[in-house]
Amino acid sequence: MKRGTATHGYKAHASVDAESDIVRCIVTTPGSVHDSAVADALVIGDEAAVYADKAYCDEGRRARLKAKGIVPRILHKGRRNAPLSRYQISINKRWSAVRSQVERIFADWKVRRSLNRCRYVGLEKNHLHFTLLAMTHNLRCMMVMAGLSPQLTG
């Protein structure tokens, strides 16, 4: 259940390199699992910083990232009787510019790769589909970085 309604389907959670758009890690879960439940599984450990949206805002997660030597750039979330300060609002805007690059990848997958709905029944089949999609995305990014023909990357 999510906000009182049943959630069906599957989710692809991905960690992406901000500079190259390369998908580094992908985790597939049922649609009912909250995004923050798999956040720690997406961290490989060699990242300089982790950018994430407000759903991942957790002081424990920030402390775990700092303990690994990773800078936590997780957007701050206002709470009842504890609104965000001006500093937190400005830092959220700065970090959102980097974090939003990952959303472009999901938009590409939904619009160009017809991933607005899962095609298969079963977690394993959909995980394989998401993994293959990430691999083809990475190959496309590598071709662009290598300066190969843009007609092949369309």
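Refer to the preceding data block for the structure.
Numbering of residues starts from 1 in each chain and follows the order in which that chain's sequence is written. Thresholds applied to this predicted model are a pLDDT of at least 70 for local features of residues and 80 or more for the giving and counting of side-chain atom pairs; totals over whole chains, interfaces and linings are not thresholded and use all residues. Based on all heavy atoms of the structure, the side-chain values leave hydrogens and waters out of the count.

Undergrad: Looking at this model, I keep getting lost on the overall build of the chain. Mind explaining?
TA: In terms of regular secondary structure, the chain is built from three helices and four strands. For helices the rule is a DSSP run of H or I covering at least 4 residues; for strands it is a run of E covering at least 2, with both sets numbered from the N terminus onward. Along its sequence from the N terminus, the chain presents helices and strands in the succession β-β-β-α-β-α-α. When its C-alpha atoms are laid out on the principal axes, the chain stretches across 50 × 40 × 25 Å. We call two residues contacting when some pair of their heavy atoms lies within 4.5 Å. Here the contacts in the chain between residues at least 6 apart in sequence split such that 38% fall between residues at least 24 apart. For the chain, the computed accessible surface area is about 10000 Å², with 56% contributed by carbon and sulfur atoms. The average position of the 26 basic charges and that of the 13 acidic charges among the side chains of the chain differ by 7 Å. Calculation of accessible area relied on Shrake-Rupley with a 1.4 Å probe; when residues are assessed, cover is drawn exclusively from the protein chains displayed. When charges are counted, Lys and Arg are positive and Asp and Glu negative, with His and the chain ends excluded. Note that the charge is assigned to NZ on lysines, CZ on arginines, CG on aspartates and CD on glutamates.

Undergrad: Before we go on, may I ask you to explain the packing of aromatic side chains in this structure?
TA: The geometry of an aromatic ring pair comes down to the distance between the two centres and the angle between the two planes. Two aromatic rings from Phe, Tyr or Trp, using only the six-membered ring of Trp, form a pair when their centres are within 6.5 Å; if the ring planes differ by under 30 degrees the pair is stacked, by over 60 it is edge-to-face, and anything between is tilted. The tally for this structure, following the rule as stated, stands at one aromatic pair. Ring centres of F106 and W109 lie 5.5 Å apart, and the angle between their planes is 75°; on these two criteria the pair is classed as edge-to-face. Taken together, the positions of F106 and W109, both in helix α2 (residues 86–111) and three residues apart, correspond to about one turn of that helix. Like W109, F106 is buried. Here's how the labels work: a residue is buried when its accessible area is under 20% of the maximum for its type, exposed when over 50%, partly exposed in between, all with a 1.4 Å probe on protein chains only.

Undergrad: Got a minute to help me understand a nonpolar patch on the surface in this structure?
TA: Only residues whose relative accessible area exceeds 30% and that form no salt bridge are eligible for patches; like-charged ones are grouped when within 9 Å, while nonpolar side chains (Val, Leu, Ile, Met, Phe, Trp, Tyr) are grouped when within 5 Å. Throughout this description, the term salt bridge denotes a Lys or Arg side-chain nitrogen within 4 Å of a carboxyl oxygen of Asp or Glu. A cluster of nonpolar residues, L128, L132 and M135, forms a patch on the protein surface that exposes about 290 Å² of accessible area. Take M135: it is sitting in helix α3 (residues 123–146).

Undergrad: Explain the environment of N138 to me, please; I cannot follow it from the model alone.
TA: Its place among the elements puts N138 in helix α3. For N138, a relative accessible area of 11% translates into the label buried. Taking C-alpha positions, N138 is 25 Å from I74, a pair spaced 64 residues apart along the chain. When sequence neighbours within four positions are dropped, the list of residues in contact with N138 reads D21, I22 and V23.

Undergrad: Help me understand unusual backbone geometry, please; the structure alone is not making it clear to me.
TA: Of note, N81 is a non-glycine position whose phi angle comes to about 65°, a positive value. Secondary-structure assignment places N81 in the loop between β4 (71–74) and α2. Positive phi values are uncommon outside glycine, yet S114 reaches one of about 55°. Along the chain, S114 falls in the loop between α2 and α3. Here S114 falls in the partly exposed class, since its relative accessible area comes to 39%.

Undergrad: Is there a simple way to explain the environment of D35 in this structure?
TA: Among the secondary structure elements, D35 is positioned in the loop between β2 (23–30) and β3 (49–52). Among the residues examined, D35 registers a relative accessible area of 25% and is labelled partly exposed. Sequence spacing of D35 and Y56 is 21 residues, and the spatial spacing of their C-alpha atoms is 7.5 Å. Apart from residues no more than four positions distant in its own chain, D35 is found in contact with K11, H13 and Y56. Under this definition, polar contacts are N or O atom pairs within 3.5 Å; protein pairs additionally need one hydrogen-donor-capable and one acceptor-capable atom, and for neighbouring residues in sequence, both atoms have to be side-chain atoms. In terms of polar contacts, D35 uses its side chain to reach the side chain of K11, at 3.1 Å.

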